[in-house]
Amino acid sequence: MSNTTKWGIVAEFESPAAIFKAAEKITAQGYTKVDAHTPFPVHGLDKALRQGPSHLGWIVICCGAMGICLAQLMMYWMNAVDSTSWVSGKEPYAWPSTIPITFELMVLLSGFGAVFGMFGINRLPRLHHPIFNHSTIHRATDDRFFLSVEATDPKFDSTQTARFLESIGGKHVEIVEE
Amino acid sequence: MTATANLTAPSLEQLAPHVNPRVKEGDLGTAQMVLLGLGIALIGAAWAMGGDHFYFSYLVGFMGVLGICLCALFFTMVQHITRAGWSITVRRLAENIAGTLPFMLLLFIPIVVGFGKIYHHWAHAELDPLKAGYDAVLHGKSSYLNSTAFFARVGVYFAIWISLALIFRRGSIKQDQTGDPAISLRLSRIAAPGLLLFALSITFAAFDWIMSLDPHWFSTIFGLTYFAGGYMAFFAFVILLAKWLGTKGYLKDAITVEHYHDLGKLLFAFMVFWTYTNFSQYMLIWYANLPEETRWYGDRTQNGWGAVGTILLFGHFFIPFVYLMSRHVKRNGVALSIGAIFLLIIHCMDMQFLIMPTMGGHAAEGAEAVHDAHEAVMNISFGEQMNQYMHHVSWMDFGCFVGLLAIVAGLTILNVRRTNLVPVRDPRLAESLHFQNL
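Residues numbered from 1 in each chain as written. Chains lettered and ligands numbered in written order. Predicted model: local features only at pLDDT ≥ 70, side-chain atom pairs only at ≥ 80, totals over all residues. Heavy atoms only, no water.

For this particular structure, what's the right way to read helix α17 (residues 333–355) of chain B?
In an α-helix, one full turn covers 3.6 residues, which means residues spaced three or four apart are oriented alike. All names here are of chain B. With 23 residues, α17 should reach 33 Å at 1.5 Å per residue; the first-to-last C-alpha distance of 33 Å fits that figure. Extensive coverage of α17 is indicated by the burial of 17 of its 23 residues. A side-chain oxygen of the first residue of α17 lies 3.0 Å from the backbone nitrogen of V334; this N-cap is N332. (Helix = DSSP H or I, 4+ residues; strand = E, 2+ residues; numbered from the N terminus. Expected span 1.5 Å × (residues − 1). Buried < 20%, exposed > 50% of the residue type's maximum accessible area, 1.4 Å probe, protein only. Polar contact = N/O pair within 3.5 Å; in protein donor to acceptor, adjacent residues only side chain to side chain.)

Okay, here's the thing in structure tokens:
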């Protein structure tokens, strides 16, 4: 237990406005591995944290396209190849009849892509996260707003970063260990 | 006096002093007159040249533009009933577009004049069982489809639409002066029965004015497909109107890129919804394969209309679906405006596809002859169909749509000049001014 490594520094703020300003200031200093933990979405915070657009959309569109192809292949195989049958004068593989299934499979796989893609990007599920070692982090689900700077940030320095977080209004500035 | 009577919302001046709340005296007057003049000239020219074709073209234009005005009213009511905050700065434009509905009653006159020609299939149907050419189906429908009931319903529809449009616009303007939040509450309560009346009236208006052109045919989803296209066209129109006002220096800081992003999403959504409802209609008819239903689509494979159907499939769905999908397009003024103009043209073609094939159509012929004719054109190529379409399409179909759209745009600008550009004392104005997409 003596060989613990630093995960980062976490600071507590009292209001959405306070964390918004703090986020703007800390990213202006050149910190990049900064994240916010808030009880509810704070509008514009991801911009203040200078976070780029999410890549989730690309995962979703690929899954959706896969759903379309799979549905078409499946129905083509079943209706036109494996078990050909003419029903009420329609051709075995008639495109209008394939649309609802194609749509549903596209939605299903897009949904899977969105949920499991989000899990993958966030490395979820996991049983524990170092940030829970912070003494007041439980209030992130209630009435406090937290800013974290990870130790892997090139600008990270345990004393200077901590001092900076205090100077911009952070309370309970703590070094959190893995 | 209750406690709430003393509450007033902060004004635009307090919230955002840099936003210009009003059009400068005399400004935009030229544009208004040019649009009104262009509209009247186009309709006049079509009327002078058109003959019978004019009335059908006029119906194309009228139904296309009416959908925009009606859905402006719908948009206003939906924002009230959901107590939406983001849309407050856009809502006054919608109120002003819906404020042209009293003039739409005036613009309905050519349809009254051409009534006997447009709706001749049922207006002059033979209802006497002992006479030749007796139409049993129309006899059965005659208690609904007769000219007295038709014109009575015209009165009911316009009474509903005009009174709702005036209630919402006047209430909102009154709030500009008093800042009374109770007005917002009252309007959100009126919006609930208002939406119910709106849904019924637009559905039956679509039945009466478009679906009855082919009086044997019926589709219960038809009113919804008309609404879906109209709502999409409304978003296209309001985007263009706001962008244009932006170039004139108005509303720029009130309707921001965030609002355009959301309007773009709704434009995309109702473009897709149009496809959804139309495909629902098509697939059920195709699947059941009943001659009395399939003939409507059969008629739309004749005389090159199949080409228009294909154009709608791509132009009303596939192309705009890919084009408007990206957030970058929706947040780029020029790109979004191009999409909006394109979809307005497609909306006109949609109305054309619904209305024009019935002009001098096959309603009186036997089902067998029609079936044979349909079989014959099944294998004609797109290019050949397009050729046929170009042969008998008239500039008037588009001319009337553009003309009526210009008139409505001119009248909207007239309304815009007479009111504040945004609801300046709406209690949710601050939320709208600071609105951000996540």
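Would you mind going over the nonpolar core with me for this structure?
Generally speaking, a soluble globular protein has its nonpolar side chains buried in company with each other. Of all hydrophobic cores here, the largest spans 137 residues; its most connected members are B:F62, B:W209 and B:F234. By residue number, the principal contributor to this core is helix α3 (residues 52–81) of chain B, which donates 19 residues. Each residue touching B:F234, except ones within four places of it in the same chain, is listed here: B:I68, B:C71, B:A72, B:F75, B:A94 and B:I97. The next biggest cluster of nonpolar side chains, apart from the first, holds 23 residues, and it includes A:A48, A:L49, A:V149 and A:I168. (Core = buried A, V, L, I, M, F, W, Y, C linked by side-chain atoms within 4.5 Å. Contact = heavy atoms within 4.5 Å.)

What is the right way to look at the sheet that holds strand β2 (residues 34–37) of chain A in this model?
In any sheet, the strands associate via hydrogen bonds between backbone groups, in a parallel or an antiparallel arrangement. All names here are of chain A. Spatially, four strands are ordered β2-β3-β1-β4 in an open sheet, and the strand pairing comes out antiparallel. Both outer strands of the open sheet, β2 and β4 (171–177), are each paired with one neighbouring strand and no more. The mean angle between the axes of side-by-side strands here comes to 20°, regardless of whether they run parallel or antiparallel. Pairing analysis gives four bridges linking β2 to strand β3 (residues 145–150), with the strands arranged antiparallel. Paired with H37 across the two strands is F146, which belongs to β3. Sitting on the sheet, helix α1 (residues 16–28) touches β1 (6–13), β2 and β3, and the angle it makes with β3 is about 20°. (Pairing = 2+ DSSP bridges. Axes fitted to C-alpha atoms, helices over the stretch in contact; angles between N-to-C directions.)

Got a minute to help me understand the interface of chain A and chain B in this structure?
Accessible area lost when the parts come together is the quantity often used to give the size of an interface. On the side of chain B, 10 residues touch chain A, which itself brings 13 residues to the contact. Surface buried jointly by chain A and chain B totals about 1100 Å² across both partners, of which 73% is contributed by carbon and sulfur atoms. In terms of surface lost to chain B, no three residues of chain A exceed A:H43, A:K90 and A:P96, which account for 43% of the buried area on that side. Our count for the chain A to chain B interface comes out at zero salt bridges. Element by element, the count of residues in the side of chain A that touches chain B is highest for helix α4 (residues 95–121) of chain A, at five residues. Class assignment for the residues of the side of chain A that touches chain B results in seven nonpolar, four polar and two charged. (Buried area = accessible area lost by both parts, 1.4 Å probe. Salt bridge = Lys/Arg side-chain N within 4 Å of Asp/Glu carboxyl O. Nonpolar A, V, L, I, M, F, W, Y, C, P; charged D, E, K, R; others polar.)

Looking at this model, I keep getting lost on the packing of α3(B) against helix α4 (residues 88–98) of chain B. Mind explaining?
For any two helices packed against each other, the geometry comes down to the angle between their axes and how far apart the axes lie. Residues and elements named next belong to chain B. Relative orientation of the contacting elements α3 and α4 amounts to 140°, with a least axis distance of 8 Å. Comparing their axes, α4 and α3 come out oblique. Both α3 and α4 take part in a crossing whose hand is left-handed. For the pair α3 and α4, contact is made by I68, C69, A72, L73, F75, T76, Q79 and H80 and by V90, R91, A94, E95, I97 and A98, respectively. (Parallel < 35°, antiparallel > 145°, perpendicular 65-115°, else oblique. Left-handed = near helix turned anticlockwise from the far one by under 90°.)

Even after reading the chapter, I still don't get helix α10 (residues 147–178) of chain B, so can you show me in this structure?
Compared with an ideal rise of 1.5 Å per residue, which puts 32 residues at 46 Å, α10(B) spans 46 Å between its outermost C-alpha atoms and is within 8% of the ideal. Just beyond α10(B), the residue with positive phi is B:G179, at close to 65°.

What am I meant to see in empty space enclosed by the protein here?
Over the atoms rolls a probe the size of a water molecule, and its path tells where empty space is left. All names here are of chain B. Here the structure, examined in full by the defined rule, presents two cavities of 30 Å³ or more. Estimates place the volume of the second largest cavity at around 30 Å³. Lining the second largest cavity are W122, A125, L127, L138, S142 and L145. For the lining of the second largest cavity, the residue count by class is five nonpolar, one polar and no charged. (1 Å grid on protein atoms, 1.4 Å probe; cavity = no way out; pocket = protein on both sides within 12 Å on 5 of 7 lines; lining within 4 Å. Points joined across faces, edges and corners; volume = space filled by probe spheres on them.)

What is the right way to look at unusual backbone geometry in this model?
Glycine aside, negative phi is the norm for most residues, and most peptide bonds take the trans geometry. Residues and elements named next belong to chain A. Each neighbour pair has its own omega, and for L124 with P125 the value is -5°, a cis peptide bond. Looking at the secondary structure, you find P125 in the loop between α4 and β3. In the Ramachandran plot, R50 falls in the positive-phi region, its phi being about 55° despite a non-glycine side chain. Relative to the elements of secondary structure, R50 occurs in the loop between α2 (45–48) and α3 (56–82).

Just to check I follow, could you spell out the environment of B:L343 for this structure?
Residue and element names in this part refer to chain B. Within the secondary structure layout, L343 lies in helix α17. Sequence separation of L343 and F235 is 108 residues, and the distance between their C-alpha atoms is 9.8 Å. If near-sequence neighbours (up to four positions away) are discounted, L343 is found in contact with M232, L267, M271, G315, P320 and L324.

It is not clear to me how the state of the cysteines should be interpreted in this structure. Could you clarify?
Throughout this description, disulfide means a covalent bond between two cysteine sulfur atoms. Within this structure, the stated rule accounts for zero disulfides over all chains. No disulfide involves A:C63; its sulfur sits 6.9 Å from the nearest other cysteine sulfur, which is in A:C62. For the unlinked cysteine B:C69, the closest cysteine sulfur is that of B:C71, found at 9.5 Å. (Disulfide = S-S within 2.5 Å.)

As far as function goes, none of this settles anything; it's purely spatial.
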